[in-house]
Amino acid sequence: MSAREDAVVWNRWYPLGSPTDIRRRNATRTRLLGHDIDLEIHKTWISASSDSRPLPVTERLGYVWTSLGKPDGPPQQLLEYYEVDRLVMNIWSTPIKCSGLRIVDNVIDNAHFPFLHPNILGDENHLDLVPGEASVDAAGALWLKSQKAWLPLTNSVAEYTYRISDPYSVVLFIHRPTTPGRYDYLGIFAQPLDEENFIAHKLLAWIREDWMDERQLKADQQSISAQDKYVLERHVHKKLPLNGAETSIEVDSSSLSYREWLRANRVTYGAMI
């Protein structure tokens, strides 16, 4: 289907990569929602166009963002990203062969952490999960709040909250006991190339602590993403089923809430309906 037929998807902002990476690779062409995007690299900014039509461009959260439609607001907001005591980086921007909706569905699934990401996000000696609550705020964003699970990285139970403000992105809030009242953040922003291919842009914005080794932290996060990529590309269905083609159980409550939210917003691009 044409992305134009899905207004919710068409009229959103999407990242095209970090300006540093775009300049380093001299990347002058990419794709978005089935359309070629031409990039022009200037000294202090980057512009974008599609079929000679200029597109809106802004830089935020360490990425260049654009839209093929008419967004009704700015891209993702996360003011905490700019706090001076945070370690911020683009973990990676890598192509994955499935619908970008799949990675959001994957990220919010805490149940797979001990098995797919042992000793980083979980371990098999701590399988207990405290389910959270799903709600939709006044702006229409889906919140999956207060999910608790063991986090080996900090040797403690961490509390996870997810914000899904558009179909192809999710921001993870991690509340650690050592930083009361504040959160670490991971953002997963999909750039859908078409319905069955996307580029995953992964943002990290963590409060700096003495134990943090920046290179090791990045390597751990890249390892997590590589493990997820392997699984995502091996789904029988490349698109995300919203039609009951996959069976869910109680532990999949976050996924069920996300898929219900997609249906309520009539999202069809990248989905099986």
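Each value, and the rule that gives it
Residues numbered from 1 in each chain as written. Predicted model: local features only at pLDDT ≥ 70, side-chain atom pairs only at ≥ 80, totals over all residues. Heavy atoms only, no water. Buried < 20%, exposed > 50% of the residue type's maximum accessible area, 1.4 Å probe, protein only. Helix = DSSP H or I, 4+ residues; strand = E, 2+ residues; numbered from the N terminus. Polar contact = N/O pair within 3.5 Å; in protein donor to acceptor, adjacent residues only side chain to side chain. Salt bridge = Lys/Arg side-chain N within 4 Å of Asp/Glu carboxyl O. Core = buried A, V, L, I, M, F, W, Y, C linked by side-chain atoms within 4.5 Å. Contact = heavy atoms within 4.5 Å. Pairing = 2+ DSSP bridges. Axes fitted to C-alpha atoms, helices over the stretch in contact; angles between N-to-C directions. Left-handed = near helix turned anticlockwise from the far one by under 90°. Nonpolar A, V, L, I, M, F, W, Y, C, P; charged D, E, K, R; others polar.

Draft legend 1. Seen up close, helix α3 (residues 100–107). The buried count for α3 comes to 8 of 8 residues, which makes it a mostly enclosed element. Listed in full, the buried residues belonging to α3 are G100, L101, R102, I103, V104, D105, N106 and V107. The residue sitting at the N-terminus of α3 and contributing the capping side-chain oxygen is S99; that oxygen lies 3.1 Å from the backbone nitrogen of L101.

Draft legend 2. Highlighting the pattern of salt bridges. Considering all chains together, one arrives at 11 salt bridges under this definition. A salt bridge links R182 to D85; its shortest N-O distance comes to 2.7 Å. In this pair, R182 is assigned in the loop between β12 (169–175) and β13 (184–194) and D85 in the loop between β7 (63–66) and β8 (86–96), connecting sequence segments 97 residues apart. The exposure class assigned to R182 is partly exposed, which follows from its relative accessible area of 27%. Look at D85 and you get partly exposed, because its relative accessible area is 29%. A salt bridge links E260 to R263; its shortest N-O distance comes to 3.1 Å.

Draft legend 3. Geometry of the nonpolar core. Formed by 55 residues in total, the largest nonpolar core has its most connected members in L33, I103, I164 and Y258. Excluding residues that lie within four positions of it along the chain, I164 makes contacts with V104, I108, A141, L142, L144, S169, V170, Y258 and W261. Counting 14 residues, the second largest nonpolar core, distinct from the first, contains W65, A141, V171 and A205.

Draft legend 4. Representation of the sheet that holds strand β3 (residues 35–41). With antiparallel pairing, 4 strands are arranged side by side in an open sheet as β2-β3-β4-β5. The two strands at the open ends of the sheet, each matched to only one other strand, are β2 (29–32) and β5 (53–55). When strand polarity is set aside, the average angle formed by the axes of neighbouring strands in this sheet is 35°. Note: strand β4 (residues 46–50) against β5, 3 bridges, orientation antiparallel. Residue pairing for β5: S49 is matched across the bridge by P54.

Draft legend 5. Seen up close, unusual backbone geometry. Within the chain, D51 stands out as a residue other than glycine whose phi angle is a positive 50°. Judged by relative accessible area, D51 falls into the exposed class, the value being 68%. Positive phi, close to 60°, is recorded for R266, a residue that is not glycine. Within the secondary structure layout, R266 lies in the loop between α6 (253–264) and β16 (271–272). What makes R266 exposed here is its relative accessible area of 71%.

Draft legend 6. Region of interest: the pairing of β3. One ladder, built from 4 bridges, connects β2 with β3; its direction is antiparallel. Bridged to L32 within β3 is H35. Count of turn residues in the β2/β3 antiparallel hairpin: 2 residues, of which L33 carries a positive phi of about 55°. Summarising the sheet, β3 and β4 pair through 4 bridges and their orientation is antiparallel. If you follow E40 over to β4, its bridge partner there is S47. In sequence, β3 turns back onto β4 through a hairpin of 4 residues.

Draft legend 7. Just the side chain of T94, in detail. Within the secondary structure layout, T94 lies in strand β8. Contacts of T94, omitting those with residues within four sequence positions, involve F198, I199 and A200.

Draft legend 8. The arrangement of the sheet that holds strand β6 (residues 57–60) in detail. Spatial strand order, β1-β7-β6: 3 strands in an open sheet with antiparallel pairing. A strand with exactly one partner marks an edge of an open sheet, and here the two such strands are β1 (14–17) and β6. Neighbouring strand axes in the sheet, compared pairwise and without regard to direction, differ in orientation by 40° on average. In terms of strand pairing, β6 meets β7 through 4 bridges, oriented antiparallel. Among the inter-strand pairings, E59 is bridged to a residue of β7, identified as V64.

Draft legend 9. Representation of the packing of α3 against α6. It is at 9 Å that the axes of α3 and α6 come closest, and there the two elements cross at 145°. Crossing geometry of α3 relative to α6 is assigned as right-handed. Mapping the contact onto sequence places L101, R102, V104 and D105 in α3 and S255, Y258, R259 and L262 in α6. When its residues are assigned to classes, the contact of α3 with α6 shows 4 nonpolar, 1 polar and 3 charged.

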